[in-house]
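Read off the chains here:
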Amino acid sequence: MHSQDDSESLAGRVAEACAQGGPLRILGSGSKEFYAGPCAGRLLSTRTHTGIVHYEPTELVLTARSGTALAAIEAVLAESGQMLGFEPPHFGSGATWGGTVACGLSGPRRPWSGSVRDAVLGCRIVNGRGEVLSFGGQVMKNVAGFDVSRLMAGALGTLGLLLEISVKVLPRPECEITLCFECPFAEGRERMIRWGGSGLPVTGLAWDGRLHLRLAGPEQAVSTAVRRIGGDRAGEGDAVWNGLREQTHGFFAGEGDLWRLSLPPAADTGDLSGSWLIDWGGAQRWLRTDAGPAEVLAAAQAAGGHARLFRSANPPAMRSAPLAPALAALHRRVKAAFDPAGILNRGLLPEVF
Amino acid sequence: MSLPERSVERAAFLRELKRVLPEEALLSDPEDLRPFECDALAAYTVLPWIAVLPETVEQVRAVLRLCHSQNVPVVARGAGTGLSGGALPVADGVLLSLAKFDRILEIDPANRMARVQPGVRNLAISEAAAPFGLYYAPDPSSQVACTIGGNVAENSGGVHCLKYGLTVHNVLQVSLLTVEGEPLTLGSLGLDGPGYDLLALINGSEGLLGVIVEVVVKLLPVPETARTLLAAFSSIEAAGDAVAAVIGAGLVPAGLEMMDNLTLRATENFVHAGYPIDAAAVVLCEMDGMAEQVEAEIARARRVLESHGATEVREARDEAERRKFWAGRKAAFPAVGRIAPDYYCIDGTIPRKRLAAVLGRIGELSEQFGLAVGNVFHAGDGNLHPLILYDASHPGELERAEALGEEILTLCVEVGGTVTGEHGVGIEKLGPMCVQFGAPELRQFHALKAAFDAGGLLNPGKAVPTLMRCAELGRMHVHGGRLPHPELERF
Ligand SMILES: Cc1cc2nc3c(=O)[nH]c(=O)nc-3n(C[C@H](O)[C@H](O)[C@@H](O)COP(=O)(O)OP(=O)(O)OC[C@H]3O[C@@H](n4cnc5c(N)ncnc54)[C@H](O)[C@@H]3O)c2cc1C
Ligand SMILES: Cc1cc2nc3c(=O)[nH]c(=O)nc-3n(C[C@H](O)[C@H](O)[C@H](O)COP(=O)(O)OP(=O)(O)OC[C@H]3O[C@@H](n4cnc5c(N)ncnc54)[C@H](O)[C@@H]3O)c2cc1C
């Protein structure tokens with residue numbers, strides 16, 4: 001695999017920008033630009049900063065430079081019978097390791113195997129001053145200093161440019177089976193609650209008009225679980241999970257607004273109408289609706305969660321509910337603690353800078 | 001960070017506190033303050049200026065507002081079982097006990113979560129969830145006593161966190177009061193929250209960023225089966241290698257723990273768990289889940305342990321014996337406490353593959369310092385707990401124990417590990433922090449702290465050393481052959 005350490009030049013570019021006050025736009029492959037939204041500044045690409053720095057299967061830890069292709073990392077893990085537990089989306093063939101962690105998006109396995117931030121163990125970053133800093137490490141448990149590494153996951157590069165990220169990886173299950181059930185949502189919801197809390201080796205639970213259940217583990221365990229539950233083995237195998245993870249599922253086709261709601265799994269969204277796709281056993285819900293942003297955001301909040309306009313042909317002013325004032329002020333101070341000149345991905349998180 | 005001048009007199013401040021707190025919630029008599037003078041790192045004691053035990057969030061807010069307006073430091077305290085001096089009072093500050101916040105507010109079985117006050121004991125959550133077939137997974141050995149607020153503040157682990165994660169992986173939402181007394185909600189009842197992941201940051205923040213007043217934790221279904229293997233080894237190196245082999249085989253045990261001979265004997269005398277006391281080391285390996293899954297995994301684990309030098313592999317015959325195996329492990333600290341006047345518990349984490357080498361080196365250091373060391377630890381996570389035995393009544397022995405502890409932690413950093421896996425930095429590991437981090441990282445920590453608490457009033461002097469202190473200690477993190485803080489030329 002190609003390997004090149006650009007840490008110094010990347011840090012130099014940030015330091016220079018900091019001195020001049022010129023904003024920078026961090027780019028991996030640009031696969032997730034739709035999500036992050038427009039952002040001002042000179043392009044700073046991590047594409048040539050590549051390579052797996054450290055990977056030892058018996059340690060369950062992998063460290064890679066941020067420009068490394070996500071696909072390459074997954075291939076290397078697969079050779080040793082391991083995987084990323086958070087099953088990240090690629091959204092395009094070029095997705096990079098840095099973009100994956102910066103976006104913090106996790107796939108269908110997330111409720112059972114953890115999110116991106118759950119897997120993060122350590123990182124090297126360039127902060128907005130151009131300083132190269134190391135946090136966390138390559139060990140499973142580490143409470144030395146504030147947990148800056150996990151804070152980087154999902155921060156969209158607004159707190160620092162990620163140079164290297166170490167994550168915990170998982171063994172690939174010996175066997176995986178997807179079952180499928182025809183049922184309306186009410187019944188699907190009831191089964192999701194039951195199976196989600198059953199101790200069965202569940203690693204995927206989604207409803208798209210039919211209920212899909214993925215079981216994983218040792219062969220005997222999976223076949224026993226199948227026996228206990230009944231149901232049809234899905235003809236499409238694990239295609240449904242790939243479709244959910246990469247948003248190639250038919251539900252995602254089309255131009256209309258796409259909302260993501262993050263909710264308690266059994267939450268009732270009341271009168272909010274539209275067409276729904278339910279993932280994560282109920283904890284992540286995709287919605288296409290004619291309802292206005294205010295209505296969607298309020299419904300999500302009332303249910304104890306939050307919503308974000310994930311994709312939109314014409315992004316409105318409001319993609320997500322404004323943070324409570326004290327929390328918003330804290331976000332701005334946290335941003336300033338890492339990037340006092342406000343040069344990193346300016347405008348990407350409007351609530352922050 | 002030096003504290004701004006405080007002008008307020010104690011008597012005057014007590015009068016103001018009296019206005020916002022009921023009489024019994026306010027302690028100022030030295031005799032009443034004594035129980036708060038230390039946490040479980042009992043070698044260090046400081047009598048707090050004043051202690052308060054509020055009962056409502058409104059009262060906590062009022063206390064924080066008062067302290068903030070008068071520049072009075074605040075140290076939050078749960079059960080005081082911390083092992084790094086995190087809850088050690090400061091002599092000119094208020095000790096804020098959350099002990100009265102001991103109510104479980106809600107168990108929501110459909111959403112598998114529990115909403116609890118910060119002073120609820122760790123084990124009490126699992127007890128309350130049990131009727132629903134649920135439990136709270138992180139299980140520190142101190143779980144009968146320690147509070148969920150303390151667990152979040154320390155990001156505590158337990159014997160089952162290899163499979164189920166640390167506190168940070170099992171907390172959904174935290175309600176926090178800022179140093180100004182402003183309420184903040186971090187996370188959500190879903191699996192993530194809006195904005196930055198400040199929830200992750202709060203876990204392990206040791207009371208420096210805010211006061212936790214409510215926690216929503218994730219509950220898991222109680223596994224239908226749990227089975228435990230006990231494997232004996234004739235050398236500690238072989239046991240270390242076997243642990244790495246179990247993980248390498250793609251197994252994720254619910255618990256994978258190790259005890260050396262010294263700990264084994266002490267524990268056996270204490271709880272009579274039936275441990276093979278002639279073994280150099282014992283590994284406990286637990287699998288849990290569906291019966292058929294556990295069956296398959298136990299069989300594989302047994303094969304791996306046997307083919308990696310185990311002299312004996314024994315399975316707990318029944319639930320009672322399984323509990324015994326674990327009771328011994330969980331009682332290891334107090335058991336060792338019985339064979340020496342004092343012990344000092346170290347908490348480094350290392351890459352698993354270095355277990356054998358590091359344990360060997362700890363043995364050498366133990367001889368060099370003339371102090372016995374017992375090893376009991378979360379082997380699956382590479383989280384070591386060397387217990388240094390000493391006698392505080394012998395002049396100089398505490399200092400020798402601490403020096404040995406620092407040597408061990410430096411060793412952990414050298415092999416790519418960390419100076420604290422789960423017990424936190426507190427006041428105890430400020431020196432080792434200077435070994436692990438350079439000045440730019442420490443500066444970043446201070447900047448982050450200031451974003452939450454500009455005046456440095458929350459738990460001052462803990463968790464993150466000042467650059468000055470690192471320079472004075474002469475323990476400089478040397479990175480790439482360069483001195484870390486050249487700006488401090490006088491050193
Ligand atoms: C919410 C969301 C939804 C998305 N949906 C789709 C989709 O439906 N289809 C599709 O094709 N793509 C989509 N994407 C694209 C997303 O671009 C990919 O998931 C992802 O893997 C990005 O990898 P990348 O290398 O292309 O990152 P980029 O798109 O280049 O960057 C993503 C974000 O991460 C930041 N970033 C990148 N590298 C670093 C670094 N080293 N340090 C710090 N910050 C960094 C960028 O500044 C940017 O904010 C989506 C992205 C997001 C965030
Ligand atoms: C015998 C024994 C065994 C132990 N075993 C383990 C183990 O297996 N794993 C492990 O991780 N730890 C273990 N510990 C350490 C300790 O029990 C944990 O760190 C625990 O989480 C501390 O909880 P506490 O309620 O006692 O907190 P305290 O000791 O009272 O406080 C700890 C820190 O948290 C802060 N804090 C407390 N409450 C709040 C709040 N509400 N808001 C903000 N900050 C707060 C305090 O300021 C302090 O910095 C053990 C300790 C003992 C004595």
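Residues numbered from 1 in each chain as written. Chains lettered and ligands numbered in written order. Predicted model: local features only at pLDDT ≥ 70, side-chain atom pairs only at ≥ 80, totals over all residues. Heavy atoms only, no water.

## A few points about the domain arrangement of chain A
All names here are of chain A.
Argument step 1. You can read the domains of chain A as domain 1 (7-171), domain 2 (175-246) and domain 3 (256-311).
Argument step 2. The straight-line distance from the C-alpha centre of domain 1 to that of domain 2 is 31 Å.
Argument step 3. The interface of domain 1 with domain 2 comprises 9 residues on the first partner and 10 residues on the second.
Argument step 4. Of the roughly 890 Å² buried at the junction of domain 1 and domain 2 (both faces included), carbon and sulfur atoms supply 51%.
Argument step 5. Sorting the residues of domain 1 by area buried against domain 2 places P108, R109 and W112 first, and these three jointly supply 62% of that buried surface.
Argument step 6. The interface formed by domain 1 and domain 2 contains 3 salt bridges.
Argument step 7. The tally of links between domain 1 and domain 2 comes to 7 residue pairs in polar contact (both at pLDDT 80 or more). (Domains from an automatic or database assignment. Contact = heavy atoms within 4.5 Å. Buried area = accessible area lost by both parts, 1.4 Å probe. Salt bridge = Lys/Arg side-chain N within 4 Å of Asp/Glu carboxyl O. Polar contact = N/O pair within 3.5 Å; in protein donor to acceptor, adjacent residues only side chain to side chain.)

## Brief notes about the sheet that holds strand 12 (residues 225-233) of chain B
Residue and element names in this part refer to chain B.
Argument step 1. Sheet architecture is open: 7 strands sit in the order 15-12-14-13-17-18-16, paired in antiparallel fashion. Only two strands of the sheet have a single partner each, and these edge strands are strand 15 (310-315) and strand 16 (342-345). On average, each strand axis in the sheet is inclined to that of its neighbour by 20°, with strand direction left out of account.
Argument step 2. Bridge analysis of strand 13 (residues 255-260) against strand 17 (residues 373-377) gives 2 bridges, and the strand direction is antiparallel. Note that in strand 17 the partner of M259 across the bridge is V376.
Argument step 3. Where helix 10 (residues 291-307) meets the sheet, it contacts strand 12, strand 14 (281-289) and strand 15, and its direction lies at approximately 5° from that of strand 12. (Pairing = 2+ DSSP bridges. Helix = DSSP H or I, 4+ residues; strand = E, 2+ residues; numbered from the N terminus. Axes fitted to C-alpha atoms, helices over the stretch in contact; angles between N-to-C directions.)

## What about helix 1 (residues 7-20) of chain A?
Residue and element names in this part refer to chain A.
Argument step 1. Taking 1.5 Å per residue, 14 residues should reach 20 Å; helix 1 reaches 20 Å between its end C-alpha atoms and fits that length.
Argument step 2. When we look at burial in helix 1, the residues that qualify are S7, L10, A11, V14 and A17. In an axial view of helix 1, the angular spread of the buried residues amounts to 125°, which keeps them on one side of the axis. Pointing more than 90 degrees away from the buried face of helix 1 are the exposed residues E8, A19 and Q20.
Argument step 3. Considering only its buried residues, helix 1 is in contact with strand 1 (24-27), strand 2 (42-45), strand 6 (120-126), strand 7 (132-136) and strand 8 (161-168). (Expected span 1.5 Å × (residues − 1). Buried < 20%, exposed > 50% of the residue type's maximum accessible area, 1.4 Å probe, protein only. Arc of directions from axis to C-beta.)

## Some points on the confidence of the model for chain B
All names here are of chain B.
Argument step 1. For chain B, the average pLDDT comes to 92, and 95% of its residues sit at 70 or higher.
Argument step 2. Segment residues 478-491 is flagged for pLDDT under 50; beyond a separation of four residues in sequence, or across chains, it makes 21 contacts in the model.
Argument step 3. For this predicted complex, the interface score ipTM comes out at 0.96, while the overall pTM is 0.94. (pLDDT = per-residue confidence, 0-100.)

## Quick word on the interface of chain B and chain A
Argument step 1. Residue-level contacts link 81 residues of chain B with 71 residues of chain A.
Argument step 2. Along the contact surface separating chain B from chain A lie 30 residue pairs in polar contact (both at pLDDT 80 or more).
Argument step 3. Elements with a contribution of two residues or more to the side of chain B that touches chain A: helix 6 (161-164), strand 9 (183-187), helix 7 (198-202), helix 8 (236-248), helix 10, helix 15 (430-436) and helix 16 (439-452) of chain B.
Argument step 4. With 10 residues, the single largest contributor to the side of chain B that touches chain A is helix 16 of chain B.

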